[in-house]
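Now for the letters of each chain:
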Amino acid sequence: MIAELQLDLARMRAAPVASGPVLTGRVVSCDGGLIEVAGLPLPVGSLGVIENGAGSESLAEVIGFRAGHSLMMLLGDTMLLRPRASVRALGHPGEVRVGEALLGRAVDALGQPIDGGPRLDLPHAWPLAGQREGALERASVAAPFDCGVRAINALATMGVGQRLGIMAGSGVGKSVLVDTVAGHAVADVTVVALIGERAREVSDFVNRHMSGARRGGIVVVAVPADHAPNLRLRAAQYASSIAEYFRSQGKRVLLILDSLTRVAHAARELALVLGEPGAARGYPPSALAAITRLVERAGNSARTGGAVTGIYTVLADGDDANDPVVDTARAILDGHIVLSRELAQRGHYPAIDVPASLSRVMDDLVPPDIARAARHLRALIAAREENRDLVLMGAYRAGSDPLLDEALAMSGAVDAFLTQARGEAEPLAASHAALAALMDRAGA
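Figured I'd write up the structure that's included with this text.

Quick notes on the rules
Going along each chain's sequence as written, the residues are numbered from 1 onward. Only residues with pLDDT of at least 70 are given local features in this predicted model, and only at 80 or more are side-chain atom pairs given and counted; all residues enter the totals for whole chains, interfaces and linings. Side-chain figures throughout are based on the complete set of non-hydrogen atoms in the structure, without hydrogens or water. Helix and strand assignments come from DSSP, with helices taken as H or I runs of at least 4 residues and strands as E runs of at least 2, each series counted from the N terminus. C-alpha atoms define the radius of gyration, and 2.2 Å times the number of residues to the power 0.38 defines the globule rule. Only protein chains enter the calculation, and the probe is 1.4 Å; a residue is then buried if its accessible area is under 20% of its type maximum, exposed if over 50%, and partly exposed in between. In what follows, a contact means two residues having at least one pair of non-hydrogen atoms within 4.5 Å. Each pair of strands is called paired provided DSSP finds at least two bridges between the two strands. Take the buried residues of types Ala, Val, Leu, Ile, Met, Phe, Trp, Tyr and Cys, join any two whose side-chain atoms come within 4.5 Å, and each joined set is a nonpolar core. Think of each axis as a best-fit line through the C-alpha atoms, taken over the contacting stretch in the case of a helix, with angles from 0 to 180 degrees between the N-to-C directions. An angle below 35 degrees is treated as roughly parallel, one above 145 as roughly antiparallel, one from 65 to 115 as roughly perpendicular, and anything else as oblique. Less than a right angle of anticlockwise turn of the near helix away from the far helix marks a crossing as left-handed, whereas a clockwise turn marks it as right-handed. Note on residue categories: nonpolar means Ala, Val, Leu, Ile, Met, Phe, Trp, Tyr, Cys or Pro, charged means Asp, Glu, Lys or Arg, and polar means any other residue, Gly included. Here the aromatic set is Phe, Tyr and Trp, taking the six-membered ring for Trp, and pairing holds for ring centres within 6.5 Å; pairs whose planes are under 30 degrees apart are stacked, those over 60 apart are edge-to-face, and all others are tilted. In the sections that follow, a salt bridge refers to a side-chain nitrogen of Lys or Arg positioned within 4 Å of a carboxyl oxygen of Asp or Glu. Working rule for helices: expected span equals 1.5 Å times residues minus one. For this analysis, a polar contact is any N or O atom pair within 3.5 Å, provided that within protein one partner can donate a hydrogen and the other can accept it, and provided that sequence-adjacent residues contribute only side-chain to side-chain pairs.

### Considerations on the overall build of the protein chain
Now for step 1: For the protein chain, the helix and strand inventory stands at 14 helices and 19 strands.
Now for step 2: In terms of overall size, the protein chain behaves like a compact globule, its C-alpha atoms giving a radius of gyration of 25 Å where 444 residues would be expected to give roughly 22 Å.
Now for step 3: Dimensions along the principal axes, computed over C-alpha positions, put the protein chain at roughly 85 × 45 × 40 Å.
Now for step 4: Within the span of the protein chain, comprising 444 residues, buried residues form 49% of the whole.
Now for step 5: Here the analysis covers contacts within the protein chain between residues at least 6 apart in sequence; of these, 72% occur between residues at least 24 apart.

### A few points about the pairing of strand β18 (residues 335-338)
Now for step 1: Pairing between strand β12 (residues 163-168) and β18: 3 bridges, direction parallel. Note that in β18 the partner of Met167 across the bridge is Val338.
Now for step 2: Judged from the 2 bridges that link them, β18 and strand β19 (residues 358-359) form a sheet pairing that is antiparallel. Residue pairing for β19: Gly335 is matched across the bridge by Ser359.

### Remarks on the nonpolar core
Now for step 1: Leu102, Val191, Tyr238, Ile242, Leu257, Leu260 and Tyr312 are the most contacted members of the largest nonpolar core, which has 59 residues in total.
Now for step 2: It is helix α5 (residues 229-248) that provides the largest number of residues to this core, a total of 10 residues.
Now for step 3: In this structure Ile242 touches Val98, Leu102, Val191, Val219 and Val221, once residues within four positions along its chain are discounted.
Now for step 4: In this structure, Ala154, Leu377, Ile381 and Met439 belong to the second largest nonpolar core, which totals 57 residues.

### With respect to the environment of Arg422
Now for step 1: Note that Arg422 resides in the loop between α13 (411-418) and α14 (428-443).
Now for step 2: Sequence-wise, Arg422 and Ala101 are 321 residues apart; in three dimensions their C-alpha atoms are separated by 31 Å.
Now for step 3: Setting aside its immediate chain neighbours within four residues, Arg422 contacts Val176 and Tyr349.

### Concerning the packing of helix α7 (residues 285-295) against helix α8 (residues 324-332)
Now for step 1: At a closest axis distance of 10 Å, the pairing of α7 and α8 adopts a crossing angle of 30°. Of the possible angle classes, the one that applies to α7 and α8 is roughly parallel. The handedness of the crossing between α7 and α8 is right-handed. When α7 is examined against α8, the residues Leu288, Ile291, Thr292 and Val295 are found in contact with a partner set consisting of Pro324, Val325, Thr328 and Ile332.
Now for step 2: The residue inventory of the contact of α7 with α8, partitioned by class, reads 6 nonpolar, 2 polar and no charged.

### Details of the packing of aromatic side chains
Two numbers describe a pair of aromatic rings. These are the distance of the centres and the angle of the planes.
Now for step 1: Enumeration according to the criterion identifies 2 aromatic pairs in this entry.
Now for step 2: For the pair Trp126 and Tyr245, a centre-to-centre distance of 6.2 Å together with 80° between the ring planes defines the contact as edge-to-face. Note that Trp126 is positioned in strand β9 (residues 124-127) and Tyr245 in helix α5, a separation of 119 residues in sequence. Judged on exposure class, the residue Trp126 and its partner Tyr245 are both buried.

### Let's talk about the pattern of salt bridges
Now for step 1: Scanning the model with the defined rule gives 19 salt bridges in all.
Now for step 2: Here Arg234 ties to Glu61 by a salt bridge, and the two come within 3.3 Å at their closest N and O atoms. In this pair, Arg234 is assigned in helix α5 and Glu61 in strand β4 (residues 56-66), connecting sequence segments 173 residues apart. With respect to burial, Arg234 and Glu61 carry one shared label: buried.
Now for step 3: Notably, a salt bridge pairs Arg375 with Asp363, separated by 4.0 Å at the nearest N-O pair.

### Regarding helix α10 (residues 368-386)
Now for step 1: Taking 1.5 Å per residue, 19 residues should reach 27 Å; α10 reaches 27 Å between its end C-alpha atoms and fits that length.
Now for step 2: Ile370, Ala371, Ala373, Ala374, Leu377, Arg378, Leu380, Ile381, Ala382, Ala383 and Arg384 are the residues of α10 that are buried.

### Some points on the side chain of Arg297
Now for step 1: Relative to the helices and strands, Arg297 resides in the loop between α7 and β16 (299-300).
Now for step 2: Take Arg297: its relative accessible area is 8%, and that puts it in the buried class.
Now for step 3: Here the side chain of Arg297 touches Leu128 through a polar contact of 2.9 Å, landing on its backbone oxygen.
Now for step 4: Those residues in contact with Arg297 that lie beyond four places of it in its chain are Pro127, Leu128, Ala129, Gly130, Arg138, Gln237, Ser240, Ser241, Glu244 and Arg247.

### Some thoughts on unusual backbone geometry
Now for step 1: The omega torsion across Asp258 and Ser259 is 10°, close enough to zero to call that bond cis.
Now for step 2: Topologically, Ser259 is positioned in the loop between β15 (252-258) and α6 (260-273).
Now for step 3: A cis amide bond, omega -5°, links Tyr349 with the succeeding residue Pro350.
Now for step 4: Relative to the helices and strands, Pro350 resides in the loop between α9 (341-345) and β19.
Now for step 5: The backbone phi angle of Ala67 is positive, close to 55°, even though this residue is not glycine.
Now for step 6: Checked against the element boundaries, Ala67 lands in the loop between β4 and β5 (69-74).
Now for step 7: Not every positive phi belongs to a glycine, and Arg84 is a case in point at roughly 65°.
Now for step 8: Within the secondary structure, Arg84 sits in the loop between β5 and β6 (86-90).
Now for step 9: Judged by relative accessible area, which is 51%, Arg84 ranks as exposed.

Treat this as a map of the structure, not an account of what it does.
In structure tokens form, the structure reads like this:
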């Protein structure tokens, strides 16, 4: 305890002291979570502290302005908020703190530890909205990425700097697949953003991944579902800022955001509070634009040589593949993995619908023989699944379709290749070797 106090005192002595006046304002209205503040002209994205009396304070964020008044939303509950409460500016607008001390830690959207550890000393500032780079400053995806999942490594090979979506309905296995990738993917730094998830899942994830040998290379940013929408959106932006910071150091970063749909929900809530009309199934245009901005922050940097490989889970509401969030993500991402509820109900893990999944960069990353083997195996799986009902009814006559005959003959071997025990991993090279061996047996 004394050592921690001494560290805090050292930070206070080193912290710069602002010599200018402290900006303050007053709460003039609170309507549906939207707080109107007079006398505090702050930029959008700035933080402020609202004094509720009796020594209690609440954090709020500026999300807009109207008629000279700042529009703010609390980063928590509206309990104890009172009229004419004093509001003062906090921190530097549009900036977050980052640094090496984040490695091995779990924090919230404001950079505060949630793992019970000591306070963080984060000496560097980084724009919350990211540092926009020109299109030609992004290097091409040229190196394969090992995610540890055999089916993805072999049939939808990822690349370093790629943006990949994992799309499925609720309860199909997205979180379990993400857990496997986070624990076994090959990267210098892994940043995991758990947005809008259950608090129990956050606790379980931190307990699993913050105790092993990989702890020193992982950062967790978590905001559960019961928190304010602007806090959930801020957590996704903060995780992307952390990934960008480590990329600027020349490191290969894996950014996992679970889930992109919860981010879109948060952006929708903010937009509706500000009066923006809903468009596609109730999603205002700004909510869908928030997805594009987040995804575009990942990628390779030609200047530093670093990379951010992004994996984004997308929840298909009602298993609807044409949901606006799913459709928007599919259009902007460099590939997508679709999980099938039918496969999950058969006990097939991971429940990857291989014919519906693809990696747009795979052909540029793997040898031609592996690409041919993957295409042939995908054709076999598609033929088997399309004719599954016909075969089960006994209406198919052997010899009618040579491709289907081959698929049925190899059905057991293919299922053994595609399934993988939870928590286990298979390296990229081993996955490609297993694919080649499987298709060699098929040719024989």
